[in-house]
Amino acid sequence: MDARLTVLTAFPPAAGIDNEEYYQNSQQHAKRVRELVRDNAQWIRESADDILKHVNPAVYSLSYLMILEFLLQSPGWTSQQAHESLASYMAQFFLQFDARQIRCKGSTWSDVLKEAYSERGLFPASVAVELVTAALLRLDPSGSIITSHHCNLVELAYNTGNVGALLPLIEKPIIYMPAKGMSTAQPLCDMSLPPPAYINPDSQLTDALTSAAVLQYDFLCGLCFIERRMWQQAFDAFERCVTYPTRDGGCSKIMTEAYNKWILVGLLLTGKPPTLPETTSQAAKKIFATQGKPYKLFAQAFKSETAGDLVREFEVINSELLPNEGNVELAKLVLAHYQRWQIINLRNIYTNISLEKIQERTQSAETGAPLPTVEAVDQLVQSMIADGSLQGAIERPKDGSPAYLTFLSSPAQGMSEVEFSAQVNKVMQGIKALEPIIEATNKRLASNREYISHTVKRQFDAAREHKLGLQSAGGGFEESSFHIEEEEDLMSGLPAH
Amino acid sequence: MDDRKLAFFTAIEDQGGVIVKGRTRFERLFHIGRSSVPLCVDALKAAVQEAKAGSDILRYQMAVNSLFQAAPNEPEALLDKAWMESKEKENRDTTAHLQAELQGYKNNLIKESIRMGNEDLGKHFEAIGDVEAAMDSFWKMRTEVSSTEQLVDLGKLLVRVAIERRDWKSIGNHLKPLNSVNDSDPKAKALKTYSKIANGIAALGQERYKEAAFCFVEASSGVPPEIYNQIASPNDVAIYGGLLALATMDRHELQANLLDNDSFREFLQREPHIRRAITQFVNGRYAACIEILESYRPDYLLDIYLQKHVPKLYADIRTKSIVQYLKPFSCVRLDTMQKAFNGPGPSIEDELFTMIKDGKLNARIDAINKSKALQTLENYEKQALDRIRRMNIMAADLEVKGSRKPGGMNDIPFSMTTDDTVSLA
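Quantities reported herein were computed from a predicted structural model and do not represent experimental measurements. (Residues numbered from 1 in each chain as written. Chains lettered and ligands numbered in written order. Predicted model: local features only at pLDDT ≥ 70, side-chain atom pairs only at ≥ 80, totals over all residues. Heavy atoms only, no water.)

**Q** Talk me through the overall build of chain B; I want residue IDs and the actual numbers.
**A** Helix and strand counts for chain B come out as 21 helices and three strands. When burial is assessed residue by residue, chain B has 47% of its 425 residues classed as buried. Long-range contacts, defined as pairs at least 24 residues apart, comprise 57% of the intrachain contacts of chain B with a sequence gap of at least 6. When the accessible area of chain B is evaluated, it comes to approximately 21,100 Å², of which 53% is carbon and sulfur surface. (Helix = DSSP H or I, 4+ residues; strand = E, 2+ residues; numbered from the N terminus. Buried < 20%, exposed > 50% of the residue type's maximum accessible area, 1.4 Å probe, protein only. Contact = heavy atoms within 4.5 Å. Areas by Shrake-Rupley, 256 points an atom, 1.4 Å probe, with all protein chains shown as cover.)

See the structure below:
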C-alpha cells in the first residue's frame, strides 16, 4: 500500500487509550494529514476517487474530512463531473462519520457542512436538508442543543418547501444554547460530555448565536409545523418565541409576530383563545396587549355563540393586518374550524344529539349562518369522524326517525386502570430522565459567571422594584391612584411600528 | 306636596325613617317617574315638588320637561318662570356672597374659618347642582382640617358627592378616615355602618357583587338610620344585602351570614319577602325563592342603584338555584326540571346548555378526569424542560435586551432599540 495511504489510516488508534491521549493523537494526526495534503496536492486531486475508496468515512472520519476540505478549496474542482463526485463523497461522509473524531476538528467539520447547504448548490435543496439533518443528529443524537447550522438549515428547508426531511431534527426539544466559556477541562472527545460542553463557539462546531437567531429558528419551526398541519408542535414553537426571556423591558418584533400566529394556531388546536404562560416577560405582555389586540379580539370572538362576531372581527383584521403578516390562510382556516369546534364541544353537554339540533346550535363562520340543510351537517360530521377530530358515530334509526350523532368515549375515557397506570409510568419515566439534564445544567450554571451575575442582578432589581412599590403605595391614596391612571394613559398611546 | 302624599310620607316616616333624605330623594323620584308607567305622573309631580323645595334649577327644569311630555295638562307641567328667575338670582347672590366671605377668611388666614367657608360654599354648590365645583370646594377643605372629627365629616361630604357623580372608584379612598376611627370611640359603630353601606353601594356600582353583599350584611341595625339615610334607607340595606347575598353566597354562607346574623335580621324584618326568599333558598325550595323574587322584580327595577344590576343578579340567582337543585342527582329528566323552574326565562335545555358550556355546571366533567391527570403529568415534563431551556438562554446571555437602564432616572415609556427590538420601560 502507498505509504501515503498508511498515514491517512493511522487514526483512530486501537481501543484502550484514555480520552486525553485520544485527543492528543487526533491533533497530531490532523497535523500530519495537513502536511501530507500540502505536499501531495496534485496526487490527491488526481486520484481522489481511489484514495477515498481506501479511507472508509465511518472509520477514518478525520482523514476523510480533511481531504474533503482540501477538495472543496481546490480551484480545479468546478467541472460537472467533479461536482458530482464531490457531492457523493460528502453524502457518504455525513451519513457515516464518527462523531467522536470530528469533535476534535470542529472548525473543519463546520466548514464542510456549510458547503453542503450553501448556495453553491452542491446538492439540490431536498437532498441538502436530509443530509444536514442526518449530520446534525449524528453529531448530537439527543438534538437538544441549537447550533448555527440548525438556524440556516430550517431557513433553507422552509424557503424551498422541504420540511418533511427536517422534521426529525426540529421535533427534538431544544434545551441548551451554545455559549462561550462552556468548555470543560475534559477533552472534547469524552463521549460522556453533555452536548453544550462540546458544541459551542470554542469548539467551533457552531458559530456564536444571537437572540434574534434563536427566535427566528423557533419561529421558522412554527411555520414548518403549520405547513405540515402539526398544530401542537407549531403552537409549542410559537410559544417558545412568545415566552422568550427578555430583560430591561426588551421585546423583539419576531415575538410579536409569533404572538399573532400563536393565537391563531391555539384556536385551531384547542378551540379556545390560548392564555399567556406565566413565564412571559412583563414587557412582552404589555406589547402584546397593544400590538396583538386585533388578534386577541378575533380570538375572543371565537368563543361567541354566533359566528357573526367572528366574521366581523375577521373583516377588521383581514383588511390590513392579515395580508401584511402572511396570516390570511391561517385565519381562514380558523374560520373553517369554528363550527367544527362547536360540534366537538357539544360532547361536553350531550351524550347524543340529533343532527337537526346540531344545525340549530352551531354556525358556520365562513357564511356567518347555520348550515343550510341537515345533509350539510351530516357531511361535515362525517368528515370530522373520518379525519379523527371527532370520536362519534351517526346513528340512523330504522323506524325512520331523524338521524343523530352519538359521542363515543375518547381514548383517555375508555382507558382501563392498567392502561392508565402504564401511561402514567411512561410519563414518569420521561420526568425521571430529566434528572441528568437538570444535574448537568445545575453544575454548569453554578460555575457560569454570566448566570451568577445575572441571578444576582435579578435579585437586586426585584428588591429595588419592591422597595419602589412600597414607597409609592405609602405615598397617600390620592397620589397612588393618580399614578396608576397616568401609567395607563402612557400605555394606550403606544405607537404601532 | 299635596295633602295625600304628605300624609303618606309622614306615615312612612313615622314607621322609622324609611325615606331617604337629601338630594338622592329627587334622584329616586325622578328615576321612578321615568321608569314606571303607572307611577310616572305621580312620581314626576313629587319630583317637581322636591326640586322646587331646593335650589337646583336644572333639576326643576328636567322634572318639569319630563312631566310635560308625560302629562302636559297637569298644572305642575308648566315652568314657573318667576320662581326660576328669583332662584337664579338668589343662587348667584349666595355664591358671590360665600365666595367673598371665603376670600375674607383667606386674607385673614383664619384656618378654621377658611375650612368652614369652603364647606359652606361646597354645600351651596351641591344644592344648586354644580357637583364638580362642590367637589372642588370640599377638596380644598383638606388642608385646613385639624381634628379627626373634621376629617370624618369631610370624608362623608366627599362620599356623598362621589355617589352623586357615580364615581365609585374614589369612594373607598374617601372612606379611609372613617375606617381608621378607633373602636373605643363612641361613634365608631355608627361610622363603620355608614362606611359599610357606602362601600357596598360603590362595590355594587363596580359589579363586585360578593364584596358588596358582605358590606351590607356587616352593617349594624343598631345604628339609627339618620346616620346614613342620605345615601340609603334601612330597607335598601335589606334588599341590596339580601339580593346580592342570594346571587353570590352558597346555602351555608347564607345561613351563617344572614339568617343567623341578628343584626342583619333586623334589617330583613323591614323587607319580609326578602327574608322569605332567602329562607326558601336555604331550605332548597328554589322555585319558590325565584317566584318571590320575580314578583318583586318591577319594584327593584325602580331603584336607582339596583336597576342596572337586576337582570344580572336575577340570572345569577337562577343559575345558582339550578346548580344547587341538581347537586343530589346524577341524572334528571328535562321535563321535571322544566316544571321545577317554570316561569319566565329561556327554555331549561337552552339554559343548561349555556351553563354547562360556561363551566358553571359540572355535568360529564368527571368522565375526563383520567385524561386530565395524564395531561397534568405531561405538562409537568414540558414545563421542566422549558425552565431549563430558559436558564440556559440566560446563562448564554441570549435574552432579548431592551434599552432601559436598570435604576436609570430617565426611563422612557416606549422605545425602539434596534430594527429588531422594541423596548418598553
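**Q** An account of the pairing of strand β5 (residues 404–407) of chain A is requested, with residue identities and associated values reported.
**A** Residues and elements named next belong to chain A. Relative to β5, strand β3 (residues 352–354) runs antiparallel, the two sharing three bridges. Its bridge partner lying in β5, N352 is registered against T406. Inspection of the sheet shows strand β4 (residues 392–395) paired to β5 by four bridges, in the antiparallel sense. Opposite A393, over in β5, you have T406 as the bridge partner. (Pairing = 2+ DSSP bridges.)

**Q** Talk me through the sheet that holds β5 of chain A; I want residue IDs and the actual numbers.
**A** Residue and element names in this part refer to chain A. Taken in spatial order, the three strands line up as β3-β5-β4 in an open sheet, and their pairing is antiparallel. On the outer flanks of this sheet lie β3 and β4, each paired with one strand and no other. Strand after strand, the sheet turns through a mean of 20 degrees between neighbouring axes, direction not considered. In this fold helix α22 (residues 374–386) packs onto β4 and β5, with an angle of close to 145 degrees to the strand it touches most, β4. (Axes fitted to C-alpha atoms, helices over the stretch in contact; angles between N-to-C directions.)

**Q** Got a sec to walk through the side chain of S66 of chain B? Specific residues and values, please.
**A** All names here are of chain B. Here S66 shows up in helix α4 (residues 57–70). Judged by its relative accessible area of 16%, S66 is buried. When neighbours within four sequence positions are excluded, S66 is seen to be in contact with F30, R34 and L44.

**Q** Mind laying out unusual backbone geometry, listing which residues take part and the relevant values?
**A** All names here are of chain A. Residue P12 is reached from F11 by a cis peptide bond, and omega for that bond is 10 degrees. Within the fold, P12 resides in the loop between α1 (3–8) and α2 (19–39). Unusually for a residue other than glycine, R229 sits at a positive phi of about 55 degrees. Within the secondary structure, R229 sits in the loop between α13 (211–227) and α14 (231–242).

**Q** Can you tell me about the packing of helix α13 (residues 234–248) of chain B against helix α15 (residues 262–270) of chain B, naming the residues and giving the values?
**A** Helix packing geometry: the angle between the two helix axes and the distance between the axes. Residue and element names in this part refer to chain B. Axis separation between α13 and α15 bottoms out at 8 Å; the angle between their running directions is 105 degrees. For the element pair α13 / α15, the angle class is roughly perpendicular. Between α13 and α15, the contacting residues are P234, N235, V237, A238, G241 and G242 on the first element and F264, F267, L268 and R270 on the second. Here the residues of the contact of α13 with α15 sort into six nonpolar, three polar and one charged. (Parallel < 35°, antiparallel > 145°, perpendicular 65-115°, else oblique. Nonpolar A, V, L, I, M, F, W, Y, C, P; charged D, E, K, R; others polar.)

**Q** Go over the confidence of the model for chain B with me, naming the residues and quoting the values.
**A** Residues and elements named next belong to chain B. Looking at chain B as a whole, its pLDDT mean stands at 80, while 84% of the residues score no less than 70. Here residues 14–18 scores under 50 on pLDDT; set against residues more than four positions off or in separate chains, the count is nine contacts. Confidence drops under a pLDDT of 50 for residues 406–425, and excluding neighbours within four residues, the segment shows 59 contacts in the predicted structure. As scored by the predictor, the complex reaches a pTM of 0.63 and an ipTM of 0.80. (pLDDT = per-residue confidence, 0-100.)

**Q** Account for helix α6 (residues 111–128) of chain B, naming residues and giving values.
**A** Residue and element names in this part refer to chain B. If you check α6, its first and last C-alpha atoms are 26 Å apart, about what 18 residues at 1.5 Å a residue would give, namely 26 Å. Three or more residues of α6 are buried, namely S113, I114, R115, G117, N118, E119, L121, G122, H124, F125 and E126. In this fold, the buried residues of α6 make contact with α5 (81–108), α7 (131–141) and α8 (148–164). G129 sits one or two residues past α6 and shows a positive phi near 95 degrees. (Expected span 1.5 Å × (residues − 1).)

**Q** Residues and numbers for empty space enclosed by the protein, please.
**A** Scanning all chains against the criterion turns up two cavities of 30 Å³ or more. Around the largest cavity, the lining residues are L136, L137, L139, D140, G143, I145, T147, H150, L169 and I199 of chain A. (1 Å grid on protein atoms, 1.4 Å probe; cavity = no way out; pocket = protein on both sides within 12 Å on 5 of 7 lines; lining within 4 Å. Points joined across faces, edges and corners; volume = space filled by probe spheres on them.)

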